[in-house]
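Reading the structure
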Amino acid sequence: MPLKFGVEFVPTTTIDGLVSSIVQAENLGFDYVWVTDHYTNRCTYIALTAAALNTKSIKLGPGVTNPFHVHPAWTASAIATLNEVSNGRAVLGLGPGDRSTLGQLGISLEKPLTAVREAVEIIRRLWAGETVNFTGSVFRLTNARLSFKPSTPIPIYIGAQGPKMLELAGAIGDGVLINASHPKDFEVAVKFIKEGVAKAGKSMDKVDVVAYAALSVDESASKARDAAKTVVAFIVAGAPDEVLERHGIKKEEVNAIRNALAKGDIPGASKAVSDASLDAFSISGTPEDCVTKIEQLVKVGVTQFVAGSPLGPKKKAAMEMIGRKIITAFK
Ligand code: F42
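As a starting point, this report considers the structure included with it. (Residues numbered from 1 in each chain as written. Predicted model: local features only at pLDDT ≥ 70, side-chain atom pairs only at ≥ 80, totals over all residues. Heavy atoms only, no water.)

1. Considering the pairing of strand S1 (residues 4-9)
Across the 6 residues of S1, 6 count as buried, placing the element largely inside the fold. Every second residue of S1 is oriented toward a common face, with Lys-4, Gly-6 and Glu-8 on one face and Phe-5, Val-7 and Phe-9 on the other, all of them buried. Bridge count for S1 against strand S11 (residues 304-311) is 4 bridges, and the pairing is parallel. Bridging from a neighbouring strand, Lys-4 pairs with Gln-304 of S11. Relative to strand S2 (residues 32-35), S1 runs parallel, the two sharing 4 bridges. Of the residues in S2, the one forming a bridge with Glu-8 is Trp-34. (Buried < 20%, exposed > 50% of the residue type's maximum accessible area, 1.4 Å probe, protein only. Helix = DSSP H or I, 4+ residues; strand = E, 2+ residues; numbered from the N terminus. Pairing = 2+ DSSP bridges.)

Structure representation (structure tokens):
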């Protein structure tokens, strides 16, 4: 099975601009588009609907929504509607949610693992046409039912980084979206996914292992790597110690980046990013460099590669390069 390709879009531009990027992605041979979900940006579902109406073959879905700001029954209805509008192309990406943006709304991520597990069960039962009575630790539904049913099965992908969430994703997900770029991180993630798969009595070929990676591509390797520094600075600042140690990132660098970001000094934080951090937390370089690094991910079990921000110093040109020089290398 050839590697599948997806692209992540953050809806910070107008819906028109976003749709034209998604149409470009479809024309370039991407298989999936994942639209991120944070209340701060344009509404994911309006973006996805507009994209569905303007495309024919690309699969599309939120990457990822969460059960804390959107009730699972509402998500079930929204994604089933997207599936109808797109003639069976909807996919659902669901994760526990981003602690900082949810925190701004007074929502704390209580029992994130349980919330995701219960949400997936509720959504699948509603899609199956059941009248759902459910008493969980997070959700409670009484005689809940959709008035329509998806006409094709909709895969559920779980956004996961932590060991338990990865294991849960292996057990109950059709796929798992992992925010990482380096083979070492996928080796660790795949181990947990396999534990979940084994406990559920499934086989690994039933789970799409997705690298949701920070990609930056340009004909000039140095321009590509420079363009990745800001994204990498934020990743380093938020990375757990265990992950930083796994990649040998020095404490001084981490402190310099965190101090600069705390002062709002993004150029200062980017300047502090080392080559080691760029290699650990992004795939950045010429198209050929990127192909080599993506091949290493395939070797450790990745089955879909999602090109995530920043894509490159020039986004449109970077998309062309991914389509014509990277995707083609794997087909
Ligand atoms: N978040 C968003 O809000 N919007 C996005 O668009 C988005 C995109 C995205 C794409 C890919 C991806 O991998 C993640 C993405 N995220 C996005 C982030 C995502 O929502 C999560 O914040 C992120 O994946 C981190 O989740 P995590 O897998 O590390 O899970 C956290 C919550 C965690 O703590 N996990 C623990 C673990 O080991 O996996 C489990 C904790 C646990 O066991 N909790 C118990 C329970 O029941 O939930 C309760 C424990 C207790 O004592 O309370």
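Resuming the write-up.
2. Notes on the site of the ligand
Neighbouring the ligand are 24 residues, the closest being Gly-97, Leu-113, Thr-114, Gln-161 and Met-165. Here an oxygen atom of the ligand sits 3.2 Å away from a polar atom, N or O, in the main chain of Val-64. Contact distances for the ligand include 2.5 Å between an oxygen atom and a side-chain N or O atom of Thr-114. Counting residues per element, the ones that place at least two in the shell around the ligand are helix H5 (112-127), helix H6 (163-172) and strand S8 (175-178). Classifying every residue of the shell around the ligand gives 10 nonpolar, 9 polar and 5 charged. (Near = heavy atom within 4 Å. Polar contact = N/O pair within 3.5 Å; in protein donor to acceptor, adjacent residues only side chain to side chain. Nonpolar A, V, L, I, M, F, W, Y, C, P; charged D, E, K, R; others polar.)

3. Some remarks on the pattern of salt bridges
Evaluated as defined, the whole model comprises 14 salt bridges. Across the pair Arg-125 and Glu-130 runs a salt bridge whose closest N-O atoms are separated by 2.9 Å. A salt bridge links Arg-225 to Asp-275; the nearest nitrogen and oxygen atoms lie 3.3 Å apart. With Arg-225 in helix H8 (residues 221-238) and Asp-275 in helix H12 (residues 275-281), the pair connects residues that are 50 residues apart, well separated along the chain. Using a relative accessible area of 51% as the deciding quantity, one classes Asp-275 as exposed. Taken together, the salt bridges that share partners define one network made up of Arg-225, Asp-275, Asp-279 and Lys-293. (Salt bridge = Lys/Arg side-chain N within 4 Å of Asp/Glu carboxyl O.)

4. Regarding the environment of Pro-313
Position of Pro-313 relative to the elements: it lies in the loop between S11 and helix H14 (315-330). Note on Pro-313: relative accessible area 38%, which makes it partly exposed. Separated by 85 residues in sequence, Pro-313 and Ala-228 place their C-alpha atoms 8.2 Å apart. Other than its neighbours up to four places away in sequence, Pro-313 contacts Ser-216, Val-217, Asp-218, Lys-223, Ala-224 and Ala-227. (Contact = heavy atoms within 4.5 Å.)

5. What to know about the packing of aromatic side chains
Taken as a whole and assessed by the stated rule, the structure comprises 6 aromatic pairs. Each member of the aromatic cluster is reached from another via a ring pair, and the members are Phe-5, Phe-305 and Phe-330. Cation over ring: Lys-191 sits above Phe-192, and NZ or CZ is 4.2 Å from the ring centre. (Phe/Tyr/Trp six-rings, centres within 6.5 Å; stacked < 30°, edge-to-face > 60°. Lys NZ or Arg CZ within 6 Å of the ring centre and 35° of its normal.)

6. Observations concerning the environment of Asn-259
Here Asn-259 shows up in helix H10 (residues 251-262). Exposure remark for Asn-259: the relative accessible area of 48% places this residue in the partly exposed category. Here the alpha-carbon distance between Asn-259 and Gly-17, two residues 242 residues apart in the chain, equals 34 Å.

In short, shape yes, function no, at least from these values alone.
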